[in-house]
Amino acid sequence: GAGVSQSPSNKVTEKGKDVELRCDPISGHTALYWYRQRLGQGLEFLIYFQGNSAPDKSGLPSDRFSAERTGESVSTLTIQRTQQEDSAVYLCASSLAGTVYNSPLHFGNGTRLTVT
Amino acid sequence: AQTVTQSQPEMSVQEAETVTLSCTYDTSESDYYLFWYKQPPSRQMILVIRQEAYKQQNATENRFSVNFQKAAKSFSLKISDSQLGDAAMYFCAYRSLQGGSEKLVFGKGTKLTVNP
């Protein structure tokens, strides 16, 4: 079936605006993850969903960041009052229930966010 | 907190030759998972190989193999018979088995160039 889909592919926004990033996981994948990748850096964990619940949101950098998931499917990552340091690629991944070892992550192509 | 270090920001290899990418990590845990991911220009992260820390035997996947040295906390990736399609960013990642978290901790990556 289709892979993980993220939209938009690219987003340019002005400092102070709010943005919403969308992730459509692979159908049937109950686990969903958001990561952030700054230029020249590795991936930083943001949040993990199991179904519609987020048992680990320890990576969200500030209260300007929030995420939700509905219907054990689509997830949105919202960044309020964007700052220039929020500029990065935001990657979403999904997997079947289970550990990341037994159920490898399937990543989308990411949303490149540029805050001007 | 665990950390993952990739000391080679860039590497290059001739087509058909062998290259080894380095990864070291810092942890006080005795059991954990380790991964290598590949990120081509499309930005989509692709799992290359995985290793459980309690397994002595090094993992292999076709042309890809690892040299896992648990005492040294080293997890290097060897690519044999390099192909042009192997050119990408390669990320080493660590997953703790404690605390119930499913998050991966990534290194900063190594950019691999394959020369024809």
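Since we're looking at a predicted model, the values are computed, not measured. (Residues numbered from 1 in each chain as written. Chains lettered and ligands numbered in written order. Predicted model: local features only at pLDDT ≥ 70, side-chain atom pairs only at ≥ 80, totals over all residues. Heavy atoms only, no water.)

*Asks:* Can you explain the nonpolar core? Please cite residues and give values.
*Replies:* Nonpolar side chains tend toward joint burial in soluble globular proteins. All names here are of chain B. Grouped together as the largest cluster of nonpolar side chains are 25 residues, with contacts concentrated most on Tyr-25, Trp-36, Phe-75, Leu-77 and Tyr-90. Looking at this core, the elements that each hand over two or more residues are β3 (19-21), β5 (32-39), β6 (46-52), β8 (64-69), β9 (74-79), β10 (88-96) and β12 (110-115). The dominant element in this core, judged by the number of residues it contributes, is β10, at four residues. (Core = buried A, V, L, I, M, F, W, Y, C linked by side-chain atoms within 4.5 Å. Buried < 20%, exposed > 50% of the residue type's maximum accessible area, 1.4 Å probe, protein only. Helix = DSSP H or I, 4+ residues; strand = E, 2+ residues; numbered from the N terminus.)

*Asks:* I'd like to hear about the pairing of β9 of chain B, residue by residue, with values.
*Replies:* All names here are of chain B. The buried fraction of β9 amounts to five of the six residues, a majority that puts the element mostly inside the structure. Across three bridges, the pairing between β3 and β9 is antiparallel. Counted as the bridge partner of Val-19 is Ile-79 from β9. Relative to β9, β8 runs antiparallel, the two sharing six bridges. (Pairing = 2+ DSSP bridges.)

*Asks:* Residues and numbers for unusual backbone geometry, please.
*Replies:* Comment: phi is negative for the bulk of residues other than glycine, and the bulk of peptide bonds are trans. With an omega of -10°, the peptide bond between Ser-7 of chain A and Pro-8 of chain A qualifies as cis. With respect to the helices and strands, Pro-8 of chain A occurs in the loop between β1 (5-7) and β2 (10-13). For Asn-62 of chain B, which is not a glycine, the phi torsion comes out positive at approximately 55°. With respect to the helices and strands, the residue Asn-62 of chain B is situated in the loop between β7 (60-61) and β8. Asn-62 of chain B gets classed as exposed once you look at its relative accessible area, which sits at 80%.

*Asks:* Just give me the short version of the state of the cysteines, but keep the residues and values in it.
*Replies:* Summed over the entire model, instances satisfying the criterion amount to two disulfides over all chains. Here Cys-23 of chain A connects covalently by a disulfide to Cys-92 of chain A, the sulfurs 1.9 Å from one another. A torsion of -65° about the S-S bond marks the disulfide between Cys-23 of chain A and Cys-92 of chain A as left-handed. Of the two residues, Cys-23 of chain A is situated in strand β3 (residues 19-24) and Cys-92 of chain A in strand β9 (residues 88-95); the sequence distance between them amounts to 69 residues. When its relative accessible area of 0% is taken as the criterion, Cys-92 of chain A is described as buried. Through a disulfide, Cys-23 of chain B is tied to Cys-92 of chain B; the S-S separation comes to 2.0 Å. (Disulfide = S-S within 2.5 Å.)

*Asks:* Explain the side chain of Arg-36 of chain A residue by residue, including any values.
*Replies:* On the secondary structure map, Arg-36 of chain A appears in strand β4 (residues 31-37). For Arg-36 of chain A, the residues in contact, after removing those within four places along its chain, are Gly-42, Leu-43, Glu-44, Leu-46, Pro-61, Phe-65, Glu-85, Asp-86, Ala-88, Val-89 and Tyr-90 of chain A. (Contact = heavy atoms within 4.5 Å.)

*Asks:* Describe the layout of surface pockets, with residues and values.
*Replies:* Computed from the structure, the largest pocket encloses a volume of approximately 550 Å³. Lining the largest pocket are 24 residues, and of these Gln-37, Leu-39 and Gly-40 of chain A together with Gln-39 and Met-89 of chain B lie nearest its centre. Within the residue set of the lining of the largest pocket, elements represented by two or more residues are β9 and β11 (111-115) of chain A together with β10 and β12 of chain B. Partitioning the lining of the largest pocket into residue classes produces eleven nonpolar, eight polar and five charged. A volume near 250 Å³ is recorded for the second largest pocket. Considering the residues around the second largest pocket, the lining is formed by 14 residues, among which Gly-42, Leu-43 and Glu-44 of chain A together with Val-105 and Phe-106 of chain B are closest to the centre. Secondary-structure elements contributing two or more residues to the lining of the second largest pocket are β5 (43-50) of chain A together with β11 (105-106) of chain B. With three residues, the top contributor of residues to the lining of the second largest pocket is β5 of chain A. Partitioned by chemical class, the residues of the lining of the second largest pocket number six nonpolar, four polar and four charged. (1 Å grid on protein atoms, 1.4 Å probe; cavity = no way out; pocket = protein on both sides within 12 Å on 5 of 7 lines; lining within 4 Å. Points joined across faces, edges and corners; volume = space filled by probe spheres on them. Nonpolar A, V, L, I, M, F, W, Y, C, P; charged D, E, K, R; others polar.)

*Asks:* Please set out the packing of aromatic side chains residue by residue, giving values where relevant.
*Replies:* On inspection of all chains with the given rule, the structure shows 13 aromatic pairs over all chains. Ring centres 6.2 Å apart and planes at 50° place the aromatic pair Tyr-35 of chain A and Phe-107 of chain A in the tilted group. Taken together, the residues span a long stretch of sequence, with Tyr-35 of chain A in strand β4 and Phe-107 of chain A in strand β10 (residues 106-107) at a distance of 72 residues. For the pair formed by Tyr-35 of chain A and Phe-107 of chain A, the shared burial category is buried. Centre to centre, the rings of Tyr-25 of chain B and Tyr-32 of chain B are 5.3 Å apart; their planes meet at 65°, and the pair counts as edge-to-face. (Phe/Tyr/Trp six-rings, centres within 6.5 Å; stacked < 30°, edge-to-face > 60°.)

*Asks:* Could you give an account of the sheet that holds strand β7 (residues 65-69) of chain A, naming the residues involved and the relevant values?
*Replies:* Residues and elements named next belong to chain A. Pairing within the open sheet is antiparallel, and its four strands lie in the order β1-β3-β8-β7. Every interior strand has two partners, whereas the edge strands, β1 and β7, have only one. Neighbour-to-neighbour, the strand axes of this sheet turn through a mean angle of 15°, independent of strand direction. By the bridge criterion, five bridges tie β3 to strand β8 (residues 75-79) in an arrangement that is antiparallel. Residue Arg-22 lies in a different strand from β8, and its bridge partner there is Thr-76. (Axes fitted to C-alpha atoms, helices over the stretch in contact; angles between N-to-C directions.)

In short, shape yes, function no, at least from these values alone.
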